[in-house]
Amino acid sequence: MVADVDDADQPRRYVMDRRRIRARLAATSPKAPLLFPRAYLLDDFTFAIIWAVTGLDSALLDDDADLAEAVGLLAPGKFDPSLIFGRNLGAEP
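About the cut-offs
- As a convention, each chain's residues are numbered from 1 in the sequence order in which they are written.
- pLDDT decides what is reported in this predicted model: residues at 70 or higher carry local features, side-chain atom pairs at 80 or more are listed and counted, and totals for whole chains, interfaces and linings draw on all residues regardless.
- Computation of side-chain values covers all heavy atoms of the structure but excludes hydrogens and water.
- Under the DSSP-based scheme used, a helix requires at least four consecutive residues in state H or I and a strand at least two consecutive residues in state E, with every element numbered from the N terminus.
- In this scheme, a residue with accessible area under 20% of its type's maximum is buried, one over 50% is exposed, and one in between is partly exposed, where area comes from a 1.4 Å probe on protein chains only.
- In this description, accessible areas are obtained by the Shrake-Rupley approach with a 1.4 Å probe, and a residue is regarded as covered only by the protein chains that are shown.
- Patch criteria: residues need more than 30% relative accessible area and no salt bridge. Like-charged residues are merged within 9 Å; nonpolar side chains of Val, Leu, Ile, Met, Phe, Trp and Tyr are merged within 5 Å.
- Here a salt bridge means any side-chain nitrogen of Lys or Arg lying within 4 Å of a carboxyl oxygen belonging to Asp or Glu.

Digging into the overall build of the protein chain
In step 1: Looking only at helices and strands, the protein chain has 3 helices and 2 strands in total.
In step 2: For the protein chain, the α and β elements follow one another from N to C terminus as β-β-α-α-α.
In step 3: Every one of the 93 residues in the protein chain was classed for burial, and the buried ones make up 5%.
In step 4: For the protein chain, the exposed area adds up to about 8,400 Å²; of that, 59% sits on carbon and sulfur atoms.

Printed below as a string of structure tokens:
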């Protein structure tokens, strides 16, 4: 979860894992505010790391989708070399 604090001087963002949020909310009354410690301030460096990791994860998932599709084409009875390798340009008409 990300808490956004709009200050006129400098906007700040605090982050907390959902497991910790659930534990904090379970330990307090239902109307109590969720307080974020100052140590959970999201700085630019940490934001860049999170952005890079999520971008890398998306790229890996995209690669896995292509691989799963290719494996499906290789299943028995579905193999068509022209789908994978393209047409043979050296063949005579």
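Overview of a nonpolar patch on the surface
In step 1: Taken together, the side chains of F45, I49 and V53 make up a nonpolar region of the molecular surface, amounting to roughly 310 Å² of accessible area.
In step 2: Here F45 shows up in helix α2 (residues 44–73).

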